[in-house]
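# Coordinate inspection notes
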Amino acid sequence: MASELPNKPEGVAKGLADFGYLASEGLATAIFLSLSLKRPLFLEGDPGVGKTEVAKTLAKWLDTELIRLQCYEGLDIAQALYEWDYTRQLLHLRAAEASGRAMEVGEKVLEDEMYHERFLVKRPLLQAISHSNETPPVLLIDEIDRADDEFEAFLLEMLSEYSVTIPEIGPFEARIPPVVIVTSNRTRDVHDALKRRCLYHWVEHPGFDREVMIIRSRVPEVSENFAKQVAAAVELVRDLGLYKPPGVAESIDWAIALGRLGSKELDESSILGTMGALLKYREDQIRVKDHGIQELLDKALARVG
């Protein structure tokens with residue numbers, strides 16, 4: 001872990017930038033407060049704006065483990081917390097029976113052995129709570145809006161105490177709470193109670209200048225002028241009312257694809273040939289084509305000057 005956390009948001013921004021993440025002033029401040037106050041950070045925003053990448057880069061900067069829980073519809077508490085390794089339990093039971101030990105120790109002792117911690121498969125939430133290192137892990141709870149209300153209520157309880165009880169073993173409590181990042185694409189509203197437990201930040205698409213810096217950082221082989229053309233074109237595309245506007249990840253993918261084809265500047269042919277790296281829905285591609293590729297290109301080049 002970083003030997004000493006910075007005492008200003010600017011230090012957080014620099015620490016993340018050292019690992020390739022260019023955070024806005026507002027986001028750097030939110031992360032700084034989350035680390036300082038030891039509160040979970042709830043990041044909400046459109047898909048592709050870099051919410052998940054915050055947790056990944058934070059773990060690298062803090063030199064600690066990243067534990068990720070990917071939420072989805074139907075996710076239950078057992079899948080997020082723990083389960084028993086039934087195969088190993090069965091092998092243990094058969095070995096005891098084969099050796100005659102099962103008859104010696106008795107049913108109660110054998111049953112207690114079956115629910116020993118060595119047979120416990122720790123899922124992300126329990127991993128984060130029961131970590132033994134002095135450096136707390138970064139726990140990423142990704143796309144919480146995809147989970148259901150029951151799981152959300154359990155998560156609220158867990159984040160208030162950082163402890164859980166497993167009936168067969170007993171309580172697990174974090175000596176040092178993990179650094180928690182919760183993300184949401186806002187496909188549904190998350191309950192206010194969970195948001196109140198966290199610090200909140202809405203992650204915007206980056207502005208033009210910052211997007212140019214991001215592209216240059218992630219795709220250093222492209223020229224600054226070409227990165228500006230890409231950022232300008234993406235900025236225009238986002239304003240076309242698409243079903244899925246491209247995020248930063250798509251901007252980077254597009255720049256990589258264009259560079260792989262040897263493009264030095266945008267033209268109509270290169271845009272059409274690489275549109276699949278930028279737009280992932282057929283309807284959005286049709287909308288951009290109907291708007292006019294050449295018109296888009298002319299505006300992007302004029303924006304760069």
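Described below are features of the structure shown in this document. None of the values given here were measured: they were computed from a predicted structure.

### Observations regarding the sheet that holds strand β5 (residues 138-142)
Taking strand neighbours across the sheet as the criterion, the 5 strands line up as β2-β5-β8-β1-β9 in an open arrangement whose pairing is parallel. Strands with a single pairing partner mark the edges of an open sheet, and in this sheet they are β2 (66-70) and β9 (199-202). Adjacent strand axes in the sheet meet at a mean angle of 20°, parallel and antiparallel pairs treated alike. In the sheet, strand β1 (residues 41-44) pairs with β9 via 4 bridges, with the strands oriented parallel. Bridge pairing in β9 links Leu41 to Leu199.

### Looking at the packing of helix α1 (residues 9-17) against helix α3 (residues 51-62)
Interaxial distance between α1 and α3 falls to 9 Å at its minimum, and their mutual angle equals 95°. Compared by their axis directions, α1 and α3 come out roughly perpendicular. Taking contact as the criterion, the partners of Gly11, Val12, Gly15 and Leu16 in α1 are, on α3, Thr57, Leu58 and Trp61. Of the residues in the contact of α1 with α3, the class split is 4 nonpolar, 3 polar and no charged.

### Some points on the state of the cysteines
Per the stated rule, a full pass over the model turns up 0 disulfides. Looking at the unpaired Cys71, the closest cysteine sulfur is the one in Cys198, lying at 12 Å. The exposure class assigned to Cys71 is buried, which follows from its relative accessible area of 1%.

### A short note on the packing of aromatic side chains
Two aromatic rings are characterised by how far apart their centres lie and by the angle between their planes. Counted under the stated rule, the structure contains 5 aromatic pairs. Here the aromatic rings of Phe42 and Tyr200 are separated by 6.0 Å at their centres, their planes lie at 25°, and the arrangement is stacked. With Phe42 in strand β1 and Tyr200 in strand β9, this residue pair connects regions lying 158 residues apart in the sequence. Using a relative accessible area of 0% as the deciding quantity, one classes Phe42 as buried. When its relative accessible area of 39% is taken as the criterion, Tyr200 is described as partly exposed. An angle of 85° between the planes, with centres 6.3 Å apart, marks the rings of Tyr82 and Trp84 as edge-to-face. With a relative accessible area of 17%, Tyr82 lands in the buried category.

### Observations concerning the nonpolar core
Leu125, Ile141, Ile144, Phe151 and Leu155 are the most contacted members of the largest nonpolar core, which has 34 residues in total. Looking at this core, the elements with two or more residues in it are β2, α4 (77-81), β3 (82-84), α8 (124-129), β5, α9 (149-161), β6 (163-166) and β8 (179-184). A per-element tally of this core places α9 first, with 5 residues. Once residues within four sequence positions are removed from consideration, Leu155 is found in contact with Leu125, Ile141, Ile144 and Leu194. If you look at the next biggest cluster of nonpolar residues, it comprises 33 residues, including Ile214, Leu266, Ile271 and Leu279.

### Remarks on the environment of Thr165
Structurally, Thr165 can be placed in strand β6. Not counting residues up to four positions away in its chain, the partners in contact with Thr165 are Gly170 and Pro171.

### Looking at the pairing of β5
For β5, a buried count of 5 out of 5 residues is recorded, marking the element as mostly surrounded by other parts of the structure. Residues Val138, Leu140 and Asp142 of β5 are buried on one face, and the alternating residues Leu139 and Ile141, pointing to the opposite face, are buried as well. Two strands pair when backbone bridges link them, and β2 and β5 are joined in this way by 5 bridges, in the parallel orientation. Opposite Ile67, over in β5, you have Leu139 as the bridge partner. Where β5 and β8 come together, 4 bridges link them in parallel fashion. Looking at the pairing, Leu140 lines up with Ile181 of β8.

Criteria and thresholds
- Residues numbered from 1 in each chain as written.
- Predicted model: local features only at pLDDT ≥ 70, side-chain atom pairs only at ≥ 80, totals over all residues.
- Heavy atoms only, no water.
- Pairing = 2+ DSSP bridges.
- Helix = DSSP H or I, 4+ residues; strand = E, 2+ residues; numbered from the N terminus.
- Axes fitted to C-alpha atoms, helices over the stretch in contact; angles between N-to-C directions.
- Parallel < 35°, antiparallel > 145°, perpendicular 65-115°, else oblique.
- Contact = heavy atoms within 4.5 Å.
- Nonpolar A, V, L, I, M, F, W, Y, C, P; charged D, E, K, R; others polar.
- Disulfide = S-S within 2.5 Å.
- Buried < 20%, exposed > 50% of the residue type's maximum accessible area, 1.4 Å probe, protein only.
- Phe/Tyr/Trp six-rings, centres within 6.5 Å; stacked < 30°, edge-to-face > 60°.
- Core = buried A, V, L, I, M, F, W, Y, C linked by side-chain atoms within 4.5 Å.

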